[in-house]
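Coordinates in review
Residues per chain are reported as follows:
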Amino acid sequence: MNMESLLKKLSSPLASRISQMEIRLIKEIEQNRILAAQPLIQNLKKGGALENLADAEFKVFSQWGEDGIIQYLISRIAVENKTFIEFGVQDYSESNTRFLLINDNWTGLVIDSSPEFIKHIRAQEYYWKHELTAVCGFVTMDNINKLIADAGLTGSIGILSIDIDGNDYWIWSAISAVSPQIVIVEYNSSFGGQHAVTIPYQADFSREKAHFSDLYWGASLPAFCRLASQKGYIYAGSNSAGSNAFFVRKDSAGNIKECDFRKQFIQSKIRDSRDEKGNLSFVASRNKLEVIQNMDLFNLDANQILKIKDIYFKKHE
C-alpha cells in the first residue's frame, strides 16, 4: 500500500479497521509533509510579490497547490481574525484549511452534509488538539447565515472556502454573517472565461443527480468575479489546475495585485466525467459542454435562464 492509499484509508469512515502500525506510518507521513513545507513557507515570506498565484503552490492537505497559495496570501495580508470557514469538506482529508488548522493554529468551522463524515472528523486527533467545530448541515441560501451564526462567528474572518459542487455562486451571494478577508471558490472551468453563468438556484441541488455526467454544476469564473466585485473583493488569481479562484477583500489587498480573469483564465484538464452507467468517461475539456448542452444556465449578462447550447453553440447568422 502506497502513502496516498494509507492517507486515504486513515481519512475514511473505515479508519477503525487500520492497524496501529499503519496509523503510526500515516502520522509520520503527515508530519514529514508538514516539516517539508516549512522552508517553502519561509521562501514565500522572504520573496517578493508574485505575478501569478500558481507560483506559490505546494500541497500538504489541499487537493492541488492551495496550501501554498494560502500561505502566500496570509503572509502579505494583515489577518484580523485567524478564523476560517470551509464547507463541502467531506471527510476533511483533502481541504483548503486543514494545514492552516494544524500548522498555523487557526480556529475554524467546517460544514458537511454527511453525518458519517462529521462523526469521523470529530473523532480525529486534530479535533481535540485544535479549536475546530464540525457541523452537519446541507447548506442553502436560507440556512447558511444561521449555520455560521450558531457557531459563534460574526464580522471579519480570515478565510472562507466554498466547494459544494453546485450552488456555490448563490451561497456566497447570500452570506452576510461574516466578512472574510480571503475567499476561495471552486469554479467550473467548462463554462469558460467569457460568460458570467451559473446553474439556476435549486435548494436541494445534487451534482450526481442533476446530470449523469457529473459535468453540470457550479458557476463560471466570470460569474464569481462579478459577484466578488459587487461584494468588495478583487480577483487575485487561480490555482494551476484551473479549479479554485482566490479573492481578497479590497481593504485588505495591500500589494496583492488584481488580476484580469480574461487574460489569466486557466482551462482545467481534469477529466472526471461519467457515462450513463456511472463509469469514468474521460471527456476532454473542449467537449464537456456538448454533453450537457440541453441543461439550463442562468446568464447574468442577460439576466435570464438559457440552454447551454443557446449560450455557447448558437450559430451566428
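Above this text you will find the structure in question.
Below you will find a few notes about this structure.

Here is what the cut-offs are and how they apply
Residues numbered from 1 in each chain as written. Predicted model: local features only at pLDDT ≥ 70, side-chain atom pairs only at ≥ 80, totals over all residues. Heavy atoms only, no water. Phe/Tyr/Trp six-rings, centres within 6.5 Å; stacked < 30°, edge-to-face > 60°. Helix = DSSP H or I, 4+ residues; strand = E, 2+ residues; numbered from the N terminus. Buried < 20%, exposed > 50% of the residue type's maximum accessible area, 1.4 Å probe, protein only. Lys NZ or Arg CZ within 6 Å of the ring centre and 35° of its normal. Salt bridge = Lys/Arg side-chain N within 4 Å of Asp/Glu carboxyl O.

Moving on, we come to the packing of aromatic side chains. Under the counting rule described, the total for this entry stands at 11 aromatic pairs. Ring geometry for Trp172 and Tyr233: centres 5.7 Å apart, planes at 70°, overall edge-to-face. Here Trp172, found in helix α8 (residues 168-174), pairs with Tyr233, found in strand β7 (residues 233-238); they are 61 residues apart in sequence, far enough to count as distant. Residue Tyr233 is classed as buried on the basis of its relative accessible area of 4%. Members of the aromatic cluster, connected to one another through ring pairs, are Tyr169, Trp170, Tyr201, Phe224 and Phe298. One residue, Arg98, lies across the ring of Phe61, its end atom 4.2 Å from the ring centre.

To continue, consider the pattern of salt bridges. It is possible for side chains bearing opposite charge to pair when their charged atoms get close. Following the criterion strictly, the structure yields 13 salt bridges and no others. Notably, a salt bridge pairs Glu125 with Lys27, separated by 3.5 Å at the nearest N-O pair. In this pair, Glu125 sits in helix α6 (residues 125-129) while Lys27 sits in helix α2 (residues 20-46), placing the two residues 98 residues apart along the sequence. Note that Glu80 and Arg249 form a salt bridge whose closest N and O atoms lie 3.3 Å from each other. Linking Glu80 in the loop between α3 (66-76) and β1 (83-87) with Arg249 in strand β8 (residues 244-249), this pair joins segments that are 169 residues apart in sequence. Accessibility expressed as a relative area gives 52% for Glu80, which makes it exposed. According to the relative accessible area criterion, Arg249 is buried, its value standing at 8%. Counted as one network, the salt bridges with shared partners bring together Lys27, Glu125 and Lys129.

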